[in-house]
Amino acid sequence: MARFCFSAFADEAAPDLAGQTAALLRCGIRQIEPRSIGGPLLKKSEEELTQIRRGFDGAGITVSSYGSPIGKSPIDAPFDDCLHDFEKALTVCRILGTARMRIFGFYVAEDRKTDCRDEVMRRLAALAERADAEGITLCVENETAVFGQTPPEMRDILATVPRLRGIFDAANYVQNDVDPLEGLAATLPSLGYLHAKDMTKSDKRMQPAGEGDGAWTEVIRRVDSATDSLVTVTLEPHLCPFDAYAKIDLHPLRVGKQYDSPDAAFDAAAAALKNLFLHLGFTEENGIWKK
């Protein structure tokens, strides 16, 4: 049986360091998957990153993974540009004290997936080899419009580049009219961690985890049965517009409920995630959820 711990994209609660740490502590979450803190982390100097690390340390918050944008670029873009950013991303990981990084499989038009498959794998293998030398594990997300958005593509990536791990995001599969449990089956043998957001299939609106068609109850049950390891669940609400959203996503944010503020949306998403685990018979002790 698995043990679970919660992390979060706290930039969905507030754009600044103080607001993000406050939101995490308010919701009883002691880990963060940082993405933007007063701007994208890739744009920060080493001194600024060190100050961010001090803020996390002072609040008792650790970094579960760096939510980087690496690989969220067109496959036709020069790979040297990606490698340049990747070196900075490795520096982000080192300074913030995490051994994991979220990446993507590059934007590829649907009618070019077969032709571009080998180049995607070449790039991912090169990134994985470089990360391995730095002691960093790369985790690939099943993002929309990238290679890896479908279960067969994710299975192909994880089999071809075994150094990589997969990030399971149920809402992204629902958005692409894919059964989330098929996506879980493709990812589970090489699972890195989970992104907790949900979506209703009929209207493609974001929902708190467990309130859409992401099959979250069964997802947690299957992960619990498949491993005895500690599994990170990163809260990614997408329930309210937030500063970093326009910089990282291509589709408009559509939510099932309206919230008064990003803080309110973040709190609602955190409460829903906790209730989901409580409903399944999990209890929490020192940040670890287990049966």
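Criteria and cut-off values
Each chain has its residues counted from 1, following the order in which its sequence is written. The predicted origin of the model limits local features to residues at a pLDDT of at least 70 and limits the giving and counting of side-chain atom pairs to 80 or more, whereas totals for whole chains, interfaces and linings rest on all residues. Think of the side-chain values as coming from all heavy atoms in the structure, minus any hydrogens and water. To define axes, lines are fitted to C-alpha atoms, for helices over the stretch in contact only, and angles between the resulting N-to-C directions are given on a 0 to 180 degree scale. Helix and strand assignments follow DSSP, with helices taken as H or I runs no shorter than four residues and strands as E runs no shorter than two, numbered in order from the N terminus. Between 65 and 115 degrees an angle is taken as roughly perpendicular, under 35 as roughly parallel, over 145 as roughly antiparallel, and anywhere else as oblique. For this analysis, residues touch if any pair of their heavy atoms sits within 4.5 Å. Three residue categories are used. Nonpolar comprises Ala, Val, Leu, Ile, Met, Phe, Trp, Tyr, Cys and Pro, charged comprises Asp, Glu, Lys and Arg, and polar comprises the others, including Gly. Multiply 1.5 Å by the residue count of a helix minus one, and that product is the helix's expected span. Between buried and exposed lies partly exposed: a residue is buried under 20% and exposed over 50% of the maximum accessible area for its type, with that area taken using a 1.4 Å probe on protein chains only. Nonpolar cores are built from buried Ala, Val, Leu, Ile, Met, Phe, Trp, Tyr and Cys residues. Side-chain atoms within 4.5 Å join them into one set. Arc definition: directions from the helix axis to the C-beta atoms. When two rings of Phe, Tyr or Trp (its six-membered ring) have centres within 6.5 Å they constitute a pair, described as stacked for plane angles under 30 degrees, edge-to-face for angles over 60, and tilted for the intermediate range. We define a salt bridge as a contact between a side-chain nitrogen of Lys or Arg and a carboxyl oxygen of Asp or Glu at a distance within 4 Å. Note that a disulfide, as used here, is simply two cysteine sulfur atoms within 2.5 Å.

The N-to-C vectors of helix H5 (residues 151-160) and helix H7 (residues 180-187) enclose an angle of 10°; their axes lie 8 Å apart at closest approach. Taken together, the axes of H5 and H7 are roughly parallel relative to one another. On the side of H5, the interface is formed by Pro151, Met154, Arg155 and Leu158, while H7 contributes Glu182, Gly183, Ala185, Ala186 and Thr187. Taken together, the residues that form the contact of H5 with H7 break down as five nonpolar, two polar and two charged.

Right, let's talk about helix H4 (residues 113-133) for a bit. If you check H4, its first and last C-alpha atoms are 29 Å apart, about what 21 residues at 1.5 Å a residue would give, namely 30 Å. Listed in full, the buried residues belonging to H4 are Lys113, Cys116, Val120, Met121, Arg123, Leu124, Leu127, Ala128 and Ala131. Those residues of H4 that are buried are in contact with helix H3 (79-96), strand S4 (100-103), strand S5 (137-141) and H5. Immediately beyond the C-terminal end of H4, within one or two residues, lies glycine 135, with a positive phi of roughly 75°.

Turning our eyes to something else, we now look at the nonpolar core. Formed by 86 residues in total, the largest nonpolar core has its most connected members in Phe4, Met101, Leu138, Leu164 and Trp216. If one sorts the elements of this core by residue count, H3 sits on top with nine residues. Non-local contacts of tryptophan 216, meaning those with residues more than four positions away in its chain, are made with Phe168, Ala170, Leu194, His195, Ala196, Lys197, Asp198, Ala209, Gly210 and Leu276.

With 14 residues, helix H2 (residues 46-59) extends 20 Å between its outermost C-alpha atoms, agreeing within 8% with the 20 Å of an ideal straight helix rising 1.5 Å per residue. If you check which residues of H2 are buried, you get Leu49, Ile52, Phe56 and Ala59. For H2, the arc enclosing every buried residue in end-on projection is 85°, short of the 170-degree limit, so these residues lie on one face. H2 presents Glu47, Arg54 and Gly58 as exposed residues on the side facing more than 90 degrees away from its buried surface. Where the residues of H2 are buried, they touch helix H1 (17-26), strand S2 (31-32), strand S3 (62-63) and H3. Glycine 60 occupies a position one or two residues after H2 and carries a positive phi of about 75°.

In this structure, glutamine 31 sits in strand S2. Ignoring any residue separated from it by four or fewer positions in sequence, one finds glutamine 31 in contact with Cys5, Phe6, Ser7, Ala8, Leu24, Ile61, Thr62 and Ser64.

By the definition in use, this model includes nine aromatic pairs. A centroid spacing of 5.3 Å and a plane angle of 20° characterise the contact between phenylalanine 6 and tryptophan 289, whose relative ring orientation is stacked. Here phenylalanine 6 is found in strand S1 (residues 3-8), whereas its partner tryptophan 289 is found in strand S12 (residues 288-290), with 283 residues between them in sequence. Here the two residues phenylalanine 6 and tryptophan 289 agree in accessibility, since each one is buried. Centre to centre, the rings of phenylalanine 277 and tryptophan 289 are 6.0 Å apart; their planes meet at 55°, and the pair counts as tilted.

Summed over all chains, the structure comprises 27 salt bridges. Of the charged contacts, one joins arginine 26 and aspartate 267 as a salt bridge, the two residues approaching to 2.9 Å between their closest N and O atoms. Residue arginine 26 is located in helix H1, and its partner aspartate 267 is located in helix H10 (residues 262-279); the two are separated by 241 residues in the primary sequence. Notably, a salt bridge pairs aspartate 156 with arginine 117, separated by 2.8 Å at the nearest N-O pair. Linking aspartate 156 in helix H5 with arginine 117 in helix H4, this pair joins segments that are 39 residues apart in sequence. On the basis of relative accessible area, aspartate 156 is assigned to the partly exposed category, the value being 23%. Under the relative-accessibility criterion, arginine 117 is labelled partly exposed at 25%. Connected via shared salt-bridge partners are Asp11, Glu12, Arg35, Asp169, Lys197 and Glu236.

Quick look at the side chain of threonine 232 now. By the element assignment, threonine 232 lies in strand S10 (residues 230-235). Not counting residues up to four positions away in its chain, the partners in contact with threonine 232 are Cys5, Ser7, Ser64, Arg100, Tyr193 and Leu194.

So, on to the state of the cysteines. Covalently bonding the sulfur atom of one cysteine to the sulfur atom of another cysteine gives a disulfide. In the structure shown here, the tally under the stated rule is zero disulfides. With no disulfide of its own, cysteine 27 lies 14 Å from the sulfur of cysteine 240, the closest cysteine sulfur. With no disulfide of its own, cysteine 82 lies 14 Å from the sulfur of cysteine 93, the closest cysteine sulfur.

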